[in-house]
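Residue-level structure breakdown
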Amino acid sequence: MLFRSVFASQSNVVNTFKYCIVRYGGYYGYGTGVIEITSSNSLYTDATVTNCTIDNSQSAGIYVSGVAHPVISNNTFTKNDWPVRQDGLAMPRYSNNTKSGNGMNAIGISGSFSPSIAQTDTLRNMPGWPYVVVSDWTIGVNEHLVVEAGTVIKVYSSSYDIFVNGILDVQG
């Protein structure tokens, strides 16, 4: 039986997924994930997804939006449309994840980095994990986005643009 997603949206509560197997979810064409994490509180770790197997999603394995800052570590992503998608100001902390056999073996990024007050965020270099811009992507006026040296950013289609209204600080 297919299901759309497990949706973790409560701010100030840590949702934890440990040593789990999540498969056969998602909704093809909808663009979300089998695990969806969103938050309105950027100072809080909204979720931890660790040591899980996430496979056979018709969309992303994990979809992160809002201003969520989840920890996503030591997971295996297979046969998903995307292993992970992040939208807007979402800034997951990734470590030691593996991927294979996904439609795109990358992290999809989209939306607008447009905070209401000045802030700095960093796209981390994760060897073997490129970021792919999957729609127009905007660095807002109050955003200072640092891209670590060695980080790979690709654009999925020539019809998508990257708009820089704030600061885009590419380190190398």
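Data block above holds the structure.
Summarised in this report is the structure supplied together with it. (Residues numbered from 1 in each chain as written. Predicted model: local features only at pLDDT ≥ 70, side-chain atom pairs only at ≥ 80, totals over all residues. Heavy atoms only, no water.)

Considerations on the overall build of the protein
- Across its full length, the protein holds zero helices and 19 strands.
- Burial analysis of the protein (172 residues in total) assigns 47% to the buried set.
- Here the contacts in the protein between residues at least 6 apart in sequence split such that 57% fall between residues at least 24 apart. (Helix = DSSP H or I, 4+ residues; strand = E, 2+ residues; numbered from the N terminus. Buried < 20%, exposed > 50% of the residue type's maximum accessible area, 1.4 Å probe, protein only. Contact = heavy atoms within 4.5 Å.)

What to know about the state of the cysteines
- The tally for this structure, following the rule as stated, stands at one disulfide.
- Linked covalently through their sulfurs, Cys 20 and Cys 52 form a disulfide whose S-S length is 2.5 Å. On the sign convention where negative is left-handed, the bridge of Cys 20 and Cys 52, at about 100° about the S-S bond, is right-handed. One end of the pair, Cys 20, is in the loop between β2 (15–18) and β3 (21–23); the other, Cys 52, is in the loop between β5 (47–50) and β6 (53–55), with 32 residues separating them in the sequence.
- Judged by relative accessible area, which is 18%, Cys 20 ranks as buried.
- Judged by relative accessible area, which is 1%, Cys 52 ranks as buried. (Disulfide = S-S within 2.5 Å.)

Re the layout of surface pockets
- Size it by volume and the second largest pocket reaches roughly 150 Å³.
- For the lining of the second largest pocket, the secondary-structure elements that each account for two or more residues are β11 (93–95) and β14 (119–123).
- When its residues are assigned to classes, the lining of the second largest pocket shows four nonpolar, two polar and three charged. (1 Å grid on protein atoms, 1.4 Å probe; cavity = no way out; pocket = protein on both sides within 12 Å on 5 of 7 lines; lining within 4 Å. Points joined across faces, edges and corners; volume = space filled by probe spheres on them. Nonpolar A, V, L, I, M, F, W, Y, C, P; charged D, E, K, R; others polar.)

Considerations on the pattern of salt bridges
- Applying the stated criterion across every chain, the model contains two salt bridges.
- Between Asp 55 and Arg 23 there is a salt bridge; the shortest N-O distance is 3.0 Å. One end of the pair, Asp 55, is in strand β6; the other, Arg 23, is in strand β3, and 32 residues separate them in sequence. (Salt bridge = Lys/Arg side-chain N within 4 Å of Asp/Glu carboxyl O.)

Describing the sheet that holds strand β16 (residues 143–147)
- Within the open sheet, the three strands sit side by side as β14-β16-β19. Their pairing is parallel. If you trace the sheet from one side to the other, it starts and ends with β14 and β19 (167–170), each paired once. Sheet twist, expressed as the mean angle between neighbouring strand axes with direction ignored, is 20°.
- By the bridge criterion, five bridges tie β14 to β16 in an arrangement that is parallel. Following the sheet pairing, Thr 122 is matched in β16 by Val 146. (Pairing = 2+ DSSP bridges. Axes fitted to C-alpha atoms, helices over the stretch in contact; angles between N-to-C directions.)

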